[in-house]
Amino acid sequence: MLKTGFHTAVPKKAAVLAIFSGKKAKLGNKAAELDKKTGGAIAAAIKAAKSFDGKCCQSLVLSGIKNSGADQIIVLGTEAKDKEKLCPMKIEESGATLVKALKAAKLEEAAVLTDAPDGIDVAEFAAHLAYGAVLQDYTFGIYKKKKDAPKKLKALDIVLANAAEAKKLFAPLEKIAAGGFLTRDLVSEPPNVLYPESFAARAKKELTPLGIKVQILTDKQMEKMGMGALMSVGKGSARPPRMVIMQYDGAPKSASAAAKKPVAFVGKGITFDTGGISLKPGPGMEDMKWDMAGAGVVTGLMKALAGRKAKLNAVGIIALAENMPSDRASRPSDVVTSLSGQTVEILNTDAEGRLVLADALWHVQEKFKPKTVIDLATLTGAIIIALGNEYAGVFSNDEELSARLVETGAELKEKTWHMPMCKAWDKAIDSDIADMKNIGGDRGAGSATAAAFLARFIKDGTSWAHLDIAGMAWSKKERLTVPKGATAFGVRLLDRLVAKHYESK
């Protein structure tokens, strides 16, 4: 992670200084002081630059400015549209713009003379600027040869009068970033490296030092417990399934019994999905290494919550399996018995995510009695047909919970869309020979019938939401604070949801 420091003065002679400018070279106090030393050369150069007019996420590199004390000056725009103003997300994008400019110039460090635009607290501005810089700096390059590895920044020094307050505000953001980076790392790993056993071991290694209790259920334990739905998915693989249970106890001892009831997060963890006997087409199958993204998000979220010492009790459960075809694999028409006792006729072995989630959802309710359960899964291609790569689908039995997810997602640009549920879709998964079948009767409403299947494993009175993140877990293009590849969609969203609605105040 990019090393960031907050200082009241430039810690040493900086080769690179970053400053801020609005329209018509409107400079803040620190930038104006520097400009004065240069005899107005900085302002003159900004005004002369045709490609820079001070808009947020614009940058301008100036070289050879005499008496500036730096070899290069990077100017960042601060003007935003009236309806957006300079919200935290735009400030983060400004920090990301700075890092992108530094990378383009192959520079390894810089000092930032921090001026916040009018009406914005400078410490908060600095904290979110650093957060955006950290998010932009992420890469997954561990399998690249050293000569091909991208050049990393070494340090970013952020200079402002109230450095201590900025550092305090940045601390929880840095922990959230660390959780998101863990998710990105997990989702990016190749399936010969990340499989149920190694995923479980890594979760334990990452989370135990943070005080999270991590329990790993083996295939033999799950079979003995009666998790027939989950076990049916992993039967075809030489790599046995696992379930990882992560407990974080952060609620104050003085909290009420109701406040101590945990919030539960459940993640689908298919570490590779061939489709099983219902084999997927070959083209694009390499993408199925990230069919464990829901489990990756839950693992990263637990790291973020524990890292910033969130004041609640939380449980994370990830159901891990590899879906492979073999002489041991489930066949279309098999009937299995889930942990809940309900039977499932498997008509399509490629509709496996709902099967592993069924047992995980039931187990978390039976063992922990959570007040809220949220599951995440790259569950259906149908949600991509409906919402593309712009929104995750939200299916819920709780209107208030779904509204909160939509509202919070809009704030953070991790957008979600409230999808309907109805009796017709529930009826569509009725089976002639079992309690239910794992797909609907036709191609229509694939995401909705999948959600209806999961709903059958939610107990009466439990507040529940299902996030279908199939279109959001992986991106084929880069955004300023989100890399190409694994996005960690859901970590920030659920962390903010927890902070706003579930933590003890």
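Residues numbered from 1 in each chain as written. Predicted model: local features only at pLDDT ≥ 70, side-chain atom pairs only at ≥ 80, totals over all residues. Heavy atoms only, no water.

**Digging into the nonpolar core**
By size, the foremost hydrophobic cluster in this structure holds 50 residues, and its most contacted members are M246, F265, L467, I469 and L494. Here the element with the most residues in this core is helix 10 (residues 293-307); it accounts for 8 residues. Aside from chain neighbours lying at most four places away, what touches L494 is F265, L301, I374, L376, L405 and L467. Membership of the second largest hydrophobic core comes to 40 residues, among which are I317, V336, A377 and M436. (Core = buried A, V, L, I, M, F, W, Y, C linked by side-chain atoms within 4.5 Å. Buried < 20%, exposed > 50% of the residue type's maximum accessible area, 1.4 Å probe, protein only. Helix = DSSP H or I, 4+ residues; strand = E, 2+ residues; numbered from the N terminus. Contact = heavy atoms within 4.5 Å.)

**Points about the sheet that holds strand 16 (residues 436-437)**
Within the open sheet, the 3 strands sit side by side as 11-12-16. Their pairing is mixed. At either end of the open sheet lies a strand with only one pairing partner, and these are strand 11 (334-337) and strand 16. Across 2 bridges, the pairing between strand 12 (residues 343-346) and strand 16 is parallel. Looking at the pairing, E345 lines up with K437 of strand 16. (Pairing = 2+ DSSP bridges.)

**Notes on the side chain of R456**
Inspection of the secondary structure assignment puts R456 in the loop between helix 15 (446-455) and strand 17 (463-468). Overall, R456 belongs to the buried group, its relative accessible area being 18%. Within the structure, R456 has its side chain in polar contact with the side chain of D430 (distance 2.6 Å). Not counting residues up to four positions away in its chain, the partners in contact with R456 are Q342, D426, I429, D430, D435 and M436. (Polar contact = N/O pair within 3.5 Å; in protein donor to acceptor, adjacent residues only side chain to side chain.)

**Quick look at the layout of surface pockets**
Over the atoms rolls a probe the size of a water molecule, and its path tells where empty space is left. Quantified by volume, the second largest pocket comes out at close to 530 Å³. If you trace the second largest pocket, you find 20 residues lining it, with K26, T78, A116, P117 and D118 closest to the centre. When grouped by side-chain class, the residues that make up the lining of the second largest pocket number 8 nonpolar, 5 polar and 7 charged. (1 Å grid on protein atoms, 1.4 Å probe; cavity = no way out; pocket = protein on both sides within 12 Å on 5 of 7 lines; lining within 4 Å. Points joined across faces, edges and corners; volume = space filled by probe spheres on them. Nonpolar A, V, L, I, M, F, W, Y, C, P; charged D, E, K, R; others polar.)

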